[in-house]
Amino acid sequence: MLIDFHTHLDAYPDKTALYEQLRNFDGTIIAVSMDIDSYRQNLQIAKTFAAGGGAKIIPTFGIHPNRSQNWAGRLSELDPFLEQSALIGEIGLDYEWAKDSPRDKQIKVFRYILEHCNINKKACVIHTKGAEQDVLDILSDYPEAKVIIHWYDGPEEIFKKFIERGYRSTFGVQTARSPFLQKLLKMTPKEKLLAETDNPDSEIWLGGSRSDVGLIKKVYEDLSEILGCPVHVLESQIQANAEFLLF
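All right, on to unusual backbone geometry then. Look at the link from Gly89 to Glu90: it is a cis peptide, with omega at 15°. Mapped onto the elements of the fold, Glu90 is located in strand β4 (residues 88–92). Cis geometry marks the peptide bond from Asn199 to Pro200; its omega dihedral reads 5°. Here Trp151, not a glycine, exhibits a phi torsion of approximately 45°, which is positive. Following the sequence through the fold, Trp151 ends up in the loop between β6 (146–149) and α6 (156–164).

Next comes the structure, spelled out in structure tokens:
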């Protein structure tokens with residue numbers, strides 16, 4: 001079973017086409033959210049497919065760093081959504097692209113959500129862009145949170161520290177294009193590896209043409225080729241890694 005550990009289903013503009021793709025996808029999709037509104041949209045998409053076959057969708061609640069400025073003063077409003085979501089994401093820090101979100105507000109929201117993950121020993125999907133050292137430092141205060149580092153492309157030395165702490169990492173569509181990411185992939189213990197697409201925008205952003213749900217199959221094929229292992233072996237390993245977090 002293919003597992004896409006990071007998508008934004010709510011961001012697909014053509015929901016009719018999306019629903020058709022989901023009906024024909026026999027796998028699991030982790031539908032991460034940017035805020036309350038996107039989480040509600042992902043819940044509705046998951047409800048549509050709960051009993052109708054096709055994809056298994058797991059919506060996750062999070063506040064993306066580029067939305068943190070809207071919630072730093074309203075943290076208690078996040079509580080019911082944090083309690084409802086079995087997995088948390090997307091959360092983290094972004095000092096490179098989230099220019100409109102002050103760093104202090106990003107950190108305030110990040111720490112608030114991490115405290116919930118730490119108390120409840122929940123898995124959380126972490127964005128680190130341009131803030132890798134601060135993410136590393138902050139995560140040390142929440143040792144019971146089950147950390148998944150999303151699409152890491154920062155300093156190698158910090159990635160090594162993530163590995164030493166036992167964090168899991170997702171690899172996606174950029175990996176086949178980047179010798180650096182291929183190096184990080186080969187450094188990652190097999191039991192800590194997950195796959196993602198970051199659909200619907202990531203492949204297009206990198207110059208490709210696909211945003212379909214089935215893109216995760218190509219990611220598995222790319223990772224399999226880079227690691228020199230059969231796709232079915234990789235699929236079984238990633239399924240075991242995901243089940244540890246999800247079930």
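Now for the pattern of salt bridges. By the definition in use, this model includes eleven salt bridges. Across the salt bridge formed by Asp35 and Arg67, the nearest N and O atoms sit 2.5 Å from each other. Placement of the pair is Asp35 in the loop between β2 (27–31) and α2 (36–49) and Arg67 in the loop between β3 (56–59) and α3 (79–84), with a sequence separation of 32 residues. Accessibility expressed as a relative area gives 12% for Asp35, which makes it buried. Take Arg67: its relative accessible area is 27%, and that puts it in the partly exposed class. Residues Glu157 and Lys160 are paired through a salt bridge, measuring 3.3 Å at the closest nitrogen-oxygen approach. A residue pair is termed a helical-turn pair when its members lie 3 or 4 positions apart in one helix, as Glu157 and Lys160 do in helix α6 at three residues. Connected through shared salt-bridge partners, Glu156, Glu157, Lys160 and Lys183 make up one network.

Pairing within the open sheet is parallel, and its five strands lie in the order β4-β5-β6-β7-β8. One side of each edge strand has no neighbouring strand; the edge strands of this open sheet are β4 and β8 (193–195). On average, each strand axis in the sheet is inclined to that of its neighbour by 30°, with strand direction left out of account. Contacts between helix α10 (residues 231–246) and the sheet are confined to β5 (123–127), β6, β7 (168–171) and β8, with β8 contributing the most and set at about 100° to the helix.

Right, let's talk about the state of the cysteines for a bit. Within this structure, the stated rule accounts for zero disulfides. With no disulfide of its own, Cys124 lies closest to Cys117 among cysteine sulfurs, the gap being 4.1 Å. Overall, the relative accessible area of 0% leaves Cys124 in the buried class.

So, on to the nonpolar core. Formed by 78 residues in total, the largest nonpolar core has its most connected members in Phe5 and Phe162. Sorting elements by how many residues they give to this core places helix α9 (residues 215–227) first, with six residues. Every residue in contact with Phe162, bar those within four places of it in the chain, is listed here: Glu132, Val135, Leu136, Leu139, Ile149, Tyr152 and Tyr167.

Here we take up the packing of aromatic side chains. Taken as a whole, this structure holds nine aromatic pairs when the rule is applied. Ring centres of Tyr39 and Phe81 lie 6.3 Å apart, and the angle between their planes is 90°; on these two criteria the pair is classed as edge-to-face. Taken as a pair, Tyr39 in helix α2 and Phe81 in helix α3 lie far apart in primary sequence, 42 residues in all. For Tyr39, a relative accessible area of 1% translates into the label buried. When its relative accessible area of 14% is taken as the criterion, Phe81 is described as buried. Judged by centre distance (5.6 Å) and plane angle (85°), the ring pair of Tyr152 and Phe162 falls under edge-to-face. With Tyr152 in the loop between β6 and α6 and Phe162 in helix α6, this pair connects stretches of sequence that are ten residues apart. Each member of the pair, Tyr152 as well as Phe162, is classed as buried.

What counts as what
Residues numbered from 1 in each chain as written. Predicted model: local features only at pLDDT ≥ 70, side-chain atom pairs only at ≥ 80, totals over all residues. Heavy atoms only, no water. Helix = DSSP H or I, 4+ residues; strand = E, 2+ residues; numbered from the N terminus. Salt bridge = Lys/Arg side-chain N within 4 Å of Asp/Glu carboxyl O. Buried < 20%, exposed > 50% of the residue type's maximum accessible area, 1.4 Å probe, protein only. Pairing = 2+ DSSP bridges. Axes fitted to C-alpha atoms, helices over the stretch in contact; angles between N-to-C directions. Contact = heavy atoms within 4.5 Å. Disulfide = S-S within 2.5 Å. Core = buried A, V, L, I, M, F, W, Y, C linked by side-chain atoms within 4.5 Å. Phe/Tyr/Trp six-rings, centres within 6.5 Å; stacked < 30°, edge-to-face > 60°.

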